[in-house]
Amino acid sequence: AGFKYVRLYAHSESSHLYATSAPRGSMSHGASFSPVRVEVPDLKEHPDFEKAAYEEVILGPGDMLFIPRRTWHYVRSLTTSVSVN
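For every chain, the first residue of the written sequence is number 1, and numbering continues from 1 onward in sequence order. Local features in this predicted model are restricted to residues whose pLDDT is 70 or higher, and side-chain atom pairs enter the listing and the counts only when it is 80 or higher, whereas totals over whole chains, interfaces and linings include all residues. The basis for every side-chain value is the complete set of heavy atoms in the structure, and neither hydrogens nor water enter the calculation.

Student: Could you clarify how one ought to interpret the pattern of salt bridges in this entry?
Tutor: Once their charged atoms are close, side chains differing in charge can pair, the charge on each being opposite to the other. For this document, the term salt bridge refers to a Lys or Arg side-chain nitrogen within 4 Å of an Asp or Glu carboxyl oxygen. For the structure on display, the rule yields two salt bridges. One salt bridge in this structure joins arginine 76 and glutamate 39, with 2.6 Å as the shortest N-O distance. You can see arginine 76 sitting in strand 5 (residues 72-77) and its partner glutamate 39 sitting in the loop between strand 3 (31-33) and strand 4 (55-59), a full 37 residues away along the chain. According to the relative accessible area criterion, glutamate 39 is partly exposed, its value standing at 36%. Each helix corresponds to a stretch of at least 4 residues labelled H or I by DSSP, and each strand to a stretch of at least 2 residues labelled E; elements are numbered beginning at the N terminus. Buried, partly exposed and exposed residues are distinguished by accessible area as a fraction of the type maximum, computed with a 1.4 Å probe on protein chains only: under 20%, between the cut-offs, and over 50%, respectively.

Student: Help me understand the packing of aromatic side chains, please; the structure alone is not making it clear to me.
Tutor: For any two aromatic rings, the description comes down to two numbers: the centre-to-centre distance and the angle of the planes. Only Phe, Tyr and Trp rings are paired, with Trp represented by its six-membered ring, and only when their centres lie within 6.5 Å; those with planes under 30 degrees apart are stacked, over 60 edge-to-face, the remainder tilted. Enumeration according to the criterion identifies three aromatic pairs in this entry. Seen in terms of ring centroids, tyrosine 9 and phenylalanine 49 are 6.1 Å apart; in terms of plane orientation they differ by 50°. Their pairing is tilted. On the criterion of sequence distance, the pair formed by tyrosine 9 in strand 1 (residues 4-9) and phenylalanine 49 in the loop between strand 3 and strand 4 is long-range, its members being 40 residues apart. Residues tyrosine 9 and tyrosine 54 carry aromatic rings whose centres are separated by 5.5 Å and whose planes lie at 50° to one another, so their mutual orientation is tilted. A residue pair is termed long-range when its members are at least 10 positions apart, and tyrosine 9 in strand 1 and tyrosine 54 in the loop between strand 3 and strand 4 qualify at 45 residues. Judged by relative accessible area, which is 3%, tyrosine 9 ranks as buried. Linked through ring pairs, Tyr9, Phe49 and Tyr54 together constitute an aromatic cluster. Positioned over the ring face of tyrosine 54 is arginine 7, at 4.1 Å from the centre of the ring. Two conditions define a charge sitting above a ring: the NZ of Lys or the CZ of Arg must be within 6 Å of the ring centre, and it must be within 35 degrees of the ring normal.

Student: Is there a simple way to explain a nonpolar patch on the surface in this structure?
Tutor: Taken together, Phe3, Ile58 and Leu78 make up a surface patch of nonpolar side chains, about 260 Å² in accessible area. Inspection of the secondary structure assignment puts leucine 78 in the segment after strand 5. Patch members must show over 30% relative accessible area and no salt bridge, and they are joined within 9 Å when carrying like charges or within 5 Å when they are nonpolar side chains of Val, Leu, Ile, Met, Phe, Trp or Tyr. Each accessible area is a Shrake-Rupley result for a 1.4 Å probe, and residues are judged covered by the shown protein chains and nothing else.

Student: Help me understand the layout of surface pockets in this model?
Tutor: In this approach the atoms are scanned with a rolling probe the size of a water molecule, which exposes any empty space left behind. Considering only enclosed or pocket space, the largest pocket measures out at about 480 Å³ in volume. Cavities and pockets are found on a 1 Å grid laid over the protein atoms alone: a cavity is a set of points where a 1.4 Å probe fits but cannot escape, a pocket is an open set with protein on both sides within 12 Å along at least five of seven lines, and a lining residue has an atom within 4 Å of such a point. For the largest pocket, the lining is made up of 18 residues, of which Lys4, Leu59, Leu65, Ser83 and Val84 are closest to its centre. Counting only elements with at least two residues in the lining of the largest pocket, the list comes to strand 1 and strand 5. Tallied by class, residues from the lining of the largest pocket come to ten nonpolar, six polar and two charged. Grid points are joined across faces, edges and corners, and a volume is the space filled by probe spheres set on the points. Charged means Asp, Glu, Lys or Arg here, nonpolar means Ala, Val, Leu, Ile, Met, Phe, Trp, Tyr, Cys or Pro, and polar covers whatever is left, Gly included.

Student: Please explain the nonpolar core as it appears in this structure.
Tutor: As a rule of thumb, soluble globular proteins bury nonpolar side chains together. Counting seven residues, the largest nonpolar core is built from Tyr9, Leu17, Val36, Val38, Phe49, Ala52 and Trp72. Apart from the residues lying within four places of it in its own chain, the contact partners of valine 38 are Arg7, Tyr9, Phe49 and Tyr74. Grouping buried Ala, Val, Leu, Ile, Met, Phe, Trp, Tyr and Cys residues that are joined through side-chain atoms within 4.5 Å yields what is termed a nonpolar core. By the convention used here, residues are in contact when the closest approach between their heavy atoms is within 4.5 Å.

Student: Sorry if this is basic, but what is going on with the sheet that holds strand 1 here?
Tutor: By definition, the strands of a sheet pair up through backbone hydrogen bonds, in either a parallel or an antiparallel sense. Pairing between two strands is assigned when DSSP locates at least 2 bridges connecting them. Strand order in the open sheet formed by three strands is 4-1-5, with antiparallel pairing between adjacent strands. Edge positions in the sheet fall to strand 4 and strand 5, since each has one partner strand and no second. Across this sheet, the average inter-strand angle for adjacent strands is 15°, counted without regard to direction. Sheet topology places strand 1 next to strand 5; six bridges connect them, and they run antiparallel. Paired with tyrosine 5 across the two strands is arginine 76, which belongs to strand 5. Think of each axis as a best-fit line through the C-alpha atoms, taken over the contacting stretch in the case of a helix, with angles from 0 to 180 degrees between the N-to-C directions.

Rendered as structure tokens:
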């Protein structure tokens, strides 16, 4: 239920997203975190971010989106919503 804004970046855009390792407990799972604030990026700190190509969509009630493995994704709820993954 609810509406969500979704932005997707291909794995090939990782360098423009300033990907870094995000350790979980005592194990590192590779590049799984981007410090860039997607909707209000600091282009002085992350100048290559504006080169990153992306697709965006608004999902509504009943919509479903398949996000392929290793695809960078940013999701923001626009209204009260529920997600299942």
